[in-house]
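Structure at a glance
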Amino acid sequence: MKSKAELLAPAGDIEAGYAALYYGADAVYLGLQKFSARAGAINFDENNLNQFTAYAHSIERKVYAAINTVITEEELPELLETLDICSRCKVDGIILQDLGVARIVREVYPEIELHASTQMAVHNKEGALYLQKLGFKRVVLARELTLSEIKEIAAIPGLETEAFIHGALCYSYSGLCQFSSLEYGRSANRGKCAYPCRQCFIKEGKEGHIFSMKDMALEEDVLKMPVTSLKIEGRKKTALYVAAVTDYYRRILDGKPAEKSRAENIKQIFSRPWCKFHFNGKNKEMIDPNFVGHRGLKVGKIEEIGKGWLRLKPTHKICRHDGLQIEIQGFEKPFGFSAKILKIRGKNVFESEPNEVLEVALPPSCPPLQKGQAVYLASSGAVKSAYRYEKPKPDSYKNAFKVDLKIIVEKEKLVAKYQDESFETAGSFEPAQNPIQTEKAFENSFAKTGGTPFALGKLSVQNKDNLFVPLSVINDFRRKVYAGIKPQYKKGSLPPIEKPVCLEQPKWLIKTDDLSCLDGLDLSMFSEIIYQLNPRSQVSDVAKLPKNKVRLALPTVCRKPQVFAEVIEKFLEAGYHLWEVGNVWGLEMLPSVGTDISFDSPLYMFNTEAIEQASEMGASRVCLALEDTLTNWQTLIEKSPLKTVLIVYQDAPLFTSAACVRENACKDCNKEKRLMSLEQKGHRYQALSAQCQTVVLDERALCFASETALLEPAYYRLDFVYKGYTPKQVKQIVSDCMQGVDVKNTFKGNAHNQKI
């Protein structure tokens with residue numbers, strides 16, 4: 001069976017891009033020098049992007065640019081420059097996270113398709129439907145989805161869907177990870193992730209890599225996928241890796257069986273252990289708790305160990321200078337070394353065949369080894385030479401600027417007109433014996449644009465006196481004309497936003513998922529009480545509160561929107577019209593008329609264009625992003641076209657994950673809330689597990705109480721969600737924060753960083 005789906009490969013540089021195309025990718029996605037969620041990749045400058053897109057289009061392949069980070073207000077001019085490059089280089093689509101970028105591309109660069117990045121955490125049909133209405137041609141689905149969920153979204157008429165099929169996995173839903181940002185000042189939403197999920201943690205006394213994910217490898221299951229595009233992860237991987245993985249899936253999609261040898265090649269280049277993630281349903285076997293990083297292809301185990309050597313019976317050919325790795329309990333990473341000396345029956349050999357007893361010399365720095373330890377082939381010279389690829393000569397392809405010219409031949413001069421520009425050269429021209437030949441000479445000459453950024457569009461030659469012009473004169477004139485034309489490339493400008501709102505004395509909001517923690521609190525101090533809904537919420541839960549002060553918050557992640565549809569309907573019928581959403585799926589669930597909607601912080605309002613987009617989406621106010629800086633907050637508060645909310649106190653979700661931290665089997669789980677203690681290098685965290693979702697929190701809350709003296713948004717907000725708070729604790733925290741006093745044992749995130 002063949003698949004008609006697009007095979008989409010990554011390119012961290014132009015070499016990986018050419019390798020992807022050579023081995024059968026239908027499209028390539030890549031990042032530019034700025035605003036890429038893989039800032040650590042080499043990425044593409046304008047020259048390489050121009051050459052690569054021109055070549056890809058010449059062989060009928062597509063190129064998508066990932067501008068999939070959030071953009072601060074001061075970066076908007078640089079964003080326009082980047083989008084101008086994408087327009088000039090004719091990229092086919094922009095993969096984006098920031099709603100401000102979406103607004104700018106839709107308004108200023110309509111020739112480029114909008115693709116919603118997986119960083120937007122599109123995890124249900126409702127979210128996809130809403131983005132389609134917003135003008136997105138394609139949505140990249142959250143990796144966490146099962147096949148049945150993927151099928152439901154892929155069935156939406158007129159919407160393209162894209163799903164990951166192979167590569168590294170994040171512990172958190174993409175776009176909902178704030179761990180690296182808030183704890184280390186390196187924002188994953190800004191392309192600078194420090195990968196804290198790969199670190200070793202202690203959970204309730206037991207040490208391990210409890211968040212370190214295996215790699216996804218769907219292999220032949222890709223044929224079950226009904227999506228438009230099948231996506232390989234790996235913009236930080238080598239051209240060799242991209243070639244091997246693209247080749248492997250190209251063959252599967254073309255109807256050939258998955259080849260074990262080609263899968264083994266991939267594992268030798270780079271691979272953690274493989275898994276299907278949640279493709280076939282809930283899966284708890286996706287964590288690699290003992291080791292991190294590249295493992296390689298398992299080829300056997302140590303059968304004998306001696307001073308300076310080991311013996312094994314490998315299941316795969318091993319050659320001299322191949323890289324081997326050995327798993328050693330207690331080591332975070334396998335011990336690796338180059339196999340410089342190989343022996344069979346005491347004789348030095350260059351290579352061994354499978355199942356031959358092989359002795360391998362160990363390096364002097366080798367740690368103690370034991371019989372039975374697994375041995376992996378982590379680097380193979382044979383594999384490195386197996387994936388050669390052809391590529392065009394440098395500068396042989398380009399996206400040319402088309403020019404339409406009018407040539408006027410007069411007795412004493414030649415005139416060329418391009419738009420409002422005019423070029424002349426003097427001469428003395430006699431009548432031609434064959435005027436048609438003269439016209440063809442102009443056409444042939446001006447079609448030669450090599451070394452210039454131009455391509456000839458329409459050419460008209462006006463030669464009313466049928467004069468003859470020597471070819472040498474025509475060629476000189478052509479060079480003069482092309483040297484004089486200044487390409488009028490598109491230069492975007494920011495679409496306008498509404499005037500900033502008039503600021504008043506800030507009001508206070510309070511949010512909770514447990515209304516009992518508000519007992520004894522004077523609620524008249526608050527403009528609103530925001531109640532975090534759950535599938536079991538009832539109207540009676542909030543009946544004692546003033547209806548005009550109650551705002552109902554939908555969860556950021558909702559895998560079963562139909563359950564919440566019933567909850568939403570009950571509250572709407574009861575007359576509750578104030579709502580809060582943290583993901584676009586909620587906007588699809590709520591009526592657009594008669595409701596007042598606030599955007600919560602996971603929708604990442606980092607710039608005024610994003611806030612204006614929120615306004616156009618029906619938001620009455622927006623929360624400032626938790627991981628942002630004080631400087632950007634100040635700018636947005638002053639310039640925002642909507643009322644802004646500063647969250648002053650919150651137990652910030654560092655990870656929001658579909659991976660479960662409980663050790664019990666799913667059938668034995670009651671799914672109720674369970675809070676577990678974690679530790680990492682003396683720092684304490686907590687993992688909240690409930691309803692098949694894990695939220696990881698710092699033991700300390702974020703607190704910006706002292707910053708309220710510097711910032712005056714429309715509202716300040718205090719959150720008491722996730723952890724259980726007593727009324728006494730809430731009362732004290734409220735008192736401190738309202739007086740501008742930071743709560744003890746809290747932290748500031750990025751508030752006082754210059755940049756993230």
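What this report covers is the structure whose coordinates are included nearby. (Residues numbered from 1 in each chain as written. Predicted model: local features only at pLDDT ≥ 70, side-chain atom pairs only at ≥ 80, totals over all residues. Heavy atoms only, no water.)

1. So, the overall build of the protein
The helix and strand tally for the protein stands at 17 helices and 41 strands. The dimensions of the protein, computed from C-alpha atoms along their principal axes, are 105 × 85 × 45 Å. Here the protein holds 756 residues, and the buried ones make up 58% of them. Put simply, 70% of the contacts in the protein that link residues at least 6 apart link residues at least 24 apart. Of the roughly 32,300 Å² that the protein leaves accessible, carbon and sulfur atoms contribute 49%. Mean positive and mean negative side-chain charge positions of the protein (101 and 93 charges, respectively) differ by 5 Å. (Helix = DSSP H or I, 4+ residues; strand = E, 2+ residues; numbered from the N terminus. Buried < 20%, exposed > 50% of the residue type's maximum accessible area, 1.4 Å probe, protein only. Contact = heavy atoms within 4.5 Å. Areas by Shrake-Rupley, 256 points an atom, 1.4 Å probe, with all protein chains shown as cover. Lys, Arg positive; Asp, Glu negative; His and termini not counted. Charge placed at Lys NZ, Arg CZ, Asp CG, Glu CD.)

2. Let's talk about empty space enclosed by the protein
Over the atoms rolls a probe the size of a water molecule, and its path tells where empty space is left. Scanning the model with the defined rule gives two cavities of 30 Å³ or more in all. Within this model, the largest cavity holds a volume of roughly 150 Å³. Around the largest cavity, the lining is made up of 16 residues, and of these Q119, M120, P602, L603 and Y604 lie nearest the centre. A per-class count over the lining of the largest cavity returns eight nonpolar, seven polar and one charged. Size it by volume and the second largest cavity reaches roughly 90 Å³. Among the residues forming the lining of the second largest cavity, the class breakdown is 11 nonpolar, one polar and two charged. (1 Å grid on protein atoms, 1.4 Å probe; cavity = no way out; pocket = protein on both sides within 12 Å on 5 of 7 lines; lining within 4 Å. Points joined across faces, edges and corners; volume = space filled by probe spheres on them. Nonpolar A, V, L, I, M, F, W, Y, C, P; charged D, E, K, R; others polar.)

3. Here we look at the packing of helix α4 (residues 99–108) against helix α15 (residues 608–616)
Two elements in contact, α4 and α15, have axes whose closest approach is 7 Å; the angle formed by their N-to-C orientations is 80 degrees. Taken together, the axis directions place α4 and α15 in an arrangement best described as roughly perpendicular. Seen from α4, the contacting residues are L99, G100, R103, I104 and R106; seen from α15, they are E609, A610, E612, Q613 and E616. In terms of residue class, the contact of α4 with α15 is made up of three nonpolar, two polar and five charged. (Axes fitted to C-alpha atoms, helices over the stretch in contact; angles between N-to-C directions. Parallel < 35°, antiparallel > 145°, perpendicular 65-115°, else oblique.)

4. Some thoughts on the packing of aromatic side chains
Evaluation of the coordinates by the stated rule reveals 30 aromatic pairs. On the basis of an interplanar angle of 55 degrees and a centroid distance of 4.6 Å, the ring pair of Y171 and F211 is categorised as tilted. Placement of Y171 in the loop between β7 (160–167) and α7 (179–184) and of F211 in the loop between β9 (206–208) and β10 (215–217) is noted, with a sequence separation of 40 residues between them. As far as burial versus exposure is concerned, Y171 and F211 are alike and both buried. (Phe/Tyr/Trp six-rings, centres within 6.5 Å; stacked < 30°, edge-to-face > 60°.)

5. Structural notes on the pattern of salt bridges
Enumeration according to the criterion identifies 56 salt bridges in this entry. The shortest N-O distance in the salt bridge between R103 and E616 comes to 2.9 Å. Here E616 lies in helix α15 and R103 lies in helix α4, a separation of 513 residues in the sequence. In this structure, a network of salt bridges that share partners links the residues E6, E113, K137, R138, E160, E162 and K231. (Salt bridge = Lys/Arg side-chain N within 4 Å of Asp/Glu carboxyl O.)

6. Considerations on the layout of surface pockets
In this structure, the second largest pocket spans a volume of roughly 740 Å³. Forming the walls of the second largest pocket are 39 residues, and the residues nearest its centre are A37, R38, C170, Y195 and E233. Among the residues forming the lining of the second largest pocket, the class breakdown is 18 nonpolar, 10 polar and 11 charged.

7. Focus on the side chain of D92
Along the chain, the position of D92 falls in the loop between α3 (76–88) and β4 (93–96). K62 provides the closest opposite charge to the buried, salt-bridge-free D92, at an N-O distance of 5.6 Å. Of the polar contacts made by the side chain of D92, one reaches the backbone nitrogen of V63; its length is 2.8 Å. Residues within four places of D92 in sequence aside, it is in contact with H57, R61, K62, V63, Y64, I112 and E113. (Polar contact = N/O pair within 3.5 Å; in protein donor to acceptor, adjacent residues only side chain to side chain.)

8. A word on the sheet that holds strand β24 (residues 401–410)
Read across the sheet, four strands follow the order β26-β25-β24-β27 without closing on themselves; strand pairing throughout is mixed. Of all strands in the sheet, those with a lone pairing partner are β26 (421–426) and β27 (454–462), marking the two edges. Ignoring strand direction, the axes of neighbouring strands in this sheet form an average angle of 25 degrees. Note: β24 against β27, seven bridges, orientation parallel. When the sheet's bridge partners are listed, I407 is paired in β27 with V461. Along the sheet face, helix α12 (residues 471–484) touches β24, β25 (413–418), β26 and β27 and points at about 150 degrees away from the line of β26. (Pairing = 2+ DSSP bridges.)

9. Some remarks on the packing of helix α8 (residues 239–253) against helix α9 (residues 260–269)
Taken N-terminus to C-terminus, the directions of α8 and α9 make an angle of 160 degrees; their axes are 9 Å apart at the nearest point. In this view, α8 runs roughly antiparallel relative to α9, as classed from their interaxial angle. Classified by chirality, the crossing of α9 by α8 is left-handed. Along the contact surface, α8 presents L240, Y241, A244, V245, D247, Y248 and R251, while α9 presents R262, A263, I266 and I269. In the contact of α8 with α9, the residues fall into eight nonpolar, no polar and three charged. (Left-handed = near helix turned anticlockwise from the far one by under 90°.)

10. Considering α15
Burial analysis of α15 places seven of its nine residues in the buried class, the great majority of the element. Among the residues making up α15, those that are buried are T608, E609, A610, I611, E612, Q613 and A614. Buried-residue contacts for α15 involve α3, α4, β32 (596–599), β33 (619–623) and α16 (630–639). Capping the start of α15, N607 holds a side-chain oxygen 3.2 Å from the backbone nitrogen of E609, two or three residues further along. The first or second residue beyond α15 is G618, which carries a positive phi of 100 degrees.

11. Describing the state of the cysteines
One pass over the structure, following the stated rule, counts zero disulfides. Between C193, a cysteine without a disulfide, and C177, which holds the nearest cysteine sulfur, the sulfur-to-sulfur distance is 5.5 Å. (Disulfide = S-S within 2.5 Å.)

12. A few points about the side chain of S640
Assignment of secondary structure puts S640 in the loop between α16 and β34 (643–650). Among the polar contacts made by the side chain of S640, one reaches the main-chain carbonyl oxygen of L642 at a distance of 2.5 Å. Not counting the four nearest positions on each side in its chain, S640 is found in contact with K499, P500, V501 and I611.

13. Side note on the environment of S352
With respect to the helices and strands, the residue S352 is situated in strand β21 (residues 351–352). When the C-alpha atoms of S352 and C319 are compared, they prove to be 6.4 Å apart, with 33 residues separating the residues in sequence. Every residue in contact with S352, bar those within four places of it in the chain, is listed here: P314, K317, I318, I344 and L358.

14. Digging into the pairing of β7
Summarising burial for β7: eight of the eight residues are buried, a large majority. Bridge analysis of strand β6 (residues 138–140) against β7 gives three bridges, and the strand direction is parallel. By the bridge assignment for β7, V139 is matched with T161. The parallel pair β6 and β7, bridged by helix α6 (residues 147–154), forms a crossover whose chirality is right-handed. In this structure, β7 lies alongside strand β11 (residues 229–232), joined through four bridges in parallel fashion. Opposite E162, over in β11, you have S229 as the bridge partner. Bridge analysis of β7 against β10 gives two bridges, and the strand direction is antiparallel. Within the sheet, the bridge partner assigned to G167 lies in β10 and is M216. (Right-handed = clockwise from strand over helix to strand, strands pointing away.)

Read these as geometric descriptors, not functional statements.
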